[in-house]
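Report on the structure
One-letter residues, chain by chain:
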Amino acid sequence: MSSIPTTNDPTVRMTGGRALAEMLKLHEVGPMYGMGGFQLLPFYDAVRELGLAHTLINDERCGIFAADAWARVSGKPGVCDATLGPGATNLVTGLVESLNAGVPLVVIVGNSNRDHSWKNMTQEARQVDILAPAAKELIRVESGLRVPELVRRAYRVATSGRPGPVVLDVPEDIAHTEFDYPRDDLCADAATLTAPALRARPGRDALAEAVSLLSRAERPIILAGGGVHLSRAYEPLLGLAEDLAIPVAQTLSGKGAIPCAHPLSIGLFGRWSRIANELIESSDCILAVGCKMGEIATKRYVLPPPGAPLIHLDIVAEEIGRTTQPRVALWGDAAEGLADLRAAFQDKGEALRTRRASYLEEVAERMKTWREEAEVRYTSDERPISMARLIRELQLVIPNEAVLVVDGGFAAHWTGLLFDAPRAGRCYIANRGFASIGYGLPGTMGAQLAAGDAPVVGITGDGGFNMVLGELETARRLELGLTLAIVNNAASGYVKALQHNMFGARYQSSELSETNYADVAQALGCEGIRVEDPADLGAAFTAGMANRKLPTVIDVVVTRDPAKMLPGVDSRTAPVAKGDRPA
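Bear in mind the structure is a predicted one, so any value in this text is a computation, not a measurement. Counting starts from 1 at the beginning of each chain's written sequence and moves along it residue by residue. Per-residue local features are limited, in this predicted model, to residues with pLDDT of at least 70; the limit for side-chain atom pairs, both in listing and counting, is 80 or more; totals at the level of whole chains, interfaces and linings are taken over all residues. Only hydrogens and water are set aside; all other atoms, that is, all heavy atoms of the structure, feed into the side-chain values.

**A closer look at the overall build of the protein**
When you go through the protein residue by residue, the secondary structure sums to 23 helices and 20 strands. Each of the three principal axes of the protein carries a C-alpha extent, and together these read 75 × 60 × 50 Å. Burial status follows relative accessibility: with a 1.4 Å probe on protein chains alone, a residue under 20% of its type maximum counts as buried, one over 50% as exposed, and anything between as partly exposed. The 583 residues of the protein split such that 59% are buried. Pairs at least 24 residues apart make up 76% of the contacts formed inside the protein by residues separated by at least 6 positions. A run of DSSP states H or I qualifies as a helix once it reaches four residues; a run of E qualifies as a strand once it reaches two. Both are numbered from the N-terminal end. Contact criterion: two residues are considered in contact whenever any of their non-hydrogen atoms come within 4.5 Å of each other.

Here it is as structure tokens:
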């Protein structure tokens, strides 16, 4: 509801910056993150008067990462802002993350006064040209009276189709000048407050062809990508899988599409796999749902094998067939498409379950064998601590309602393979859109703000934490009771491991100084726990999650052996001819 007083006057006089804040309030904006500058000061003053939640961030990249994680957990558009020039350009990495991952954001950026643009104004840059390719849409506000309309447009674009970030570029003079706004223009479209705002269903003929392929299959498999989360397609996905007796593999972005402990869950597929890759290779029908079939999911384009019948369901038509030619293309929303498939099999499920019983028995036996073989890694007592043991100890104490946020590289690969998401939903977040390290701390902050009383645990590497550790001050200021585990291997672990495997243990620019991050946390007024004995991990995680007023940093001293730094063999390290890029 707007804070504008009701009078008989059909217009309301206020600055463009005030109108911007009023429109965000009408759109039920959540916590915002930004670093102010002169251009947006009227907006900041209105945010204060309206009582909106806004937090000063120490780096704009962290602000957009926090907004991204908040949006993933809440399902609503995240909002952040930045001033012109360096503030705007600091947003680029986060924009591309959200664009690639399909995360709805509204990003407000100040720009120069149009009366003086291109006269060497302080911090002026061609920021529209820089930001536009990194956003789903960039909207330049050229008329102050159009602020309400363009904010509605930003929310509509951010939440429709594959969601994504929309930049509102606001010139200084628009933000500072007063305009007479029609009262009836100060409104929001309720459908755009969450994503997806609109849903589309696949065509009937394509759906019938998909039903035919799935009906004939003896060894079908479902590949669930991040689009399942974007569509919140959990119920129809699990329902279809159970009705038709189809195992479900997940990408890093799709983890949590179904609970990992479910008998039909076969874990990650692609570069890292438990049993899924082998099942894909022997499958006679593959249904990919909300999955872009990119490099990691396809193990650099060798999965699925040539000739395997593929049904590809995606909300973005241009993604279908980009890397893998499908037999059937289903263009539409994941939840709607899965629901239609399930309805088509309403009277056929029992016969299919009976026919595929031996297939599911084989799947269960394979998974049982994998778990038995992995147990020695999960229970390792080695010191420095193994990543598998860290994950097991966290798994034992983290509650079902919690959220785990992992940095895009090293932490994501290990947890993607070995951590079991306990429920369907956004209980596991890895920033795989751009896979930038440095997401761990700000992402954990944003997720905690969205999760309320539920514990949020982050895992980041020492390299990623070094990039953003100043945001511990922000987390303390917000009194966020988050827990952040630092995987402390005194290295850029992934790079050092690849150098070890590919270049005979010749290392270059992949090692860090030994640092006690528990001391760093305490120096910033947070709780700090250093763990060197794996037996102490469970107690440390429990203590961190119990502290609801201060951030807790758990400095976990993990293996320094680069031969043990990866969760498996990265297929890209295979021998290659000179000039080739490894698979």
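**Considering the packing of aromatic side chains**
Two descriptors summarise a pair of aromatic rings, namely the distance from one centre to the other and the angle between the planes of the rings. Within 6.5 Å between ring centres, the rings of Phe, Tyr and Trp (the latter by its six-membered ring) count as paired, and their orientation is classed by plane angle as stacked under 30 degrees, edge-to-face over 60, tilted in between. Overall, the coordinates contain seven aromatic pairs when judged by the stated rule. Think of it as a cone above the ring: NZ of Lys or CZ of Arg counts as a charge over the ring if it is within 6 Å of the ring centre and within 35 degrees of the ring normal. A cation over an aromatic ring shows up here: Lys 255 above the ring of Tyr 428, its NZ or CZ 5.7 Å from the ring centre.

**Looking at the sheet that holds strand S20 (residues 552-557)**
Taken in spatial order, the six strands line up as S16-S15-S17-S18-S20-S19 in an open sheet, and their pairing is parallel. The outermost strands of the open sheet, each flanked by one partner alone, are strand S16 (428-430) and strand S19 (527-531). In this sheet, neighbouring strand axes are inclined to one another by 20° on average, regardless of whether the strands run parallel or antiparallel. The pairing of strand S15 (residues 403-406) with S16 spans three bridges and is classified as parallel. Bridge pairing links Val 405 to Ile 429 in S16. Note on geometry: axes are lines fitted to C-alpha atoms, helical ones only across the stretch in contact, with angles between N-to-C directions running from 0 to 180 degrees. Its contacts with the sheet place helix H16 (residues 387-397) against S15, strand S17 (456-461), strand S18 (483-488) and S20, and it is angled at close to 175° to S17. Helix H18 (residues 440-451) contacts S15, S17 and S18 of the sheet and is inclined by roughly 170° relative to S17. Strands are treated as partners if at least two bridges between them are detected by DSSP.

**Notes on the sheet that holds strand S9 (residues 220-224)**
Spatially, six strands are ordered S11-S10-S9-S12-S13-S14 in an open sheet, and the strand pairing comes out parallel. Two strands close off the open sheet at either side, each with one partner strand: strand S11 (265-268) and strand S14 (328-331). With direction set aside, neighbouring strand axes in the sheet form an average angle of 20°. With four bridges connecting them, strand S13 (residues 310-314) and S14 associate as parallel partners. Residue pairing in the sheet places Leu 313 in a bridge with Leu 330 of S14. Taken strand by strand, helix H13 (residues 334-344) contacts strand S12 (285-289), S13 and S14, and its axis lies near 145° from that of S12.

**As for the state of the cysteines**
Pairs of cysteine sulfur atoms within 2.5 Å are what we label disulfides. Scanning all chains against the criterion turns up zero disulfides. Cys 291 takes part in no disulfide bond, and the closest cysteine sulfur to it belongs to Cys 285, at a distance of 15 Å. When its relative accessible area of 3% is taken as the criterion, Cys 291 is described as buried.

**Considerations on the pairing of S20**
Where burial is concerned, most of S20 is hidden: six out of the six residues are buried. Judged from the five bridges that link them, S19 and S20 form a sheet pairing that is parallel. Its bridge partner lying in S20, Glu 527 is registered against Thr 552. Taken together, S19, helix H23 (residues 537-546) and S20 form a β-α-β motif whose crossover is right-handed. A crossover gets the label right-handed when its path from the first strand over the helix to the second runs clockwise, viewed with the strands pointing away from the viewer.

**A look at the environment of Trp 331**
In this fold, Trp 331 is placed in strand S14. Residue classification places Trp 331 among the exposed positions, given a relative accessible area of 56%. Distance from Trp 331 to Asp 185, taken between C-alpha atoms, is 35 Å for residues 146 residues apart in sequence. Dropping the residues within four chain positions of it, Trp 331 is found in contact with Arg 201, Pro 202, Asp 314, Ile 315, Val 316, Ala 317 and Ile 320.

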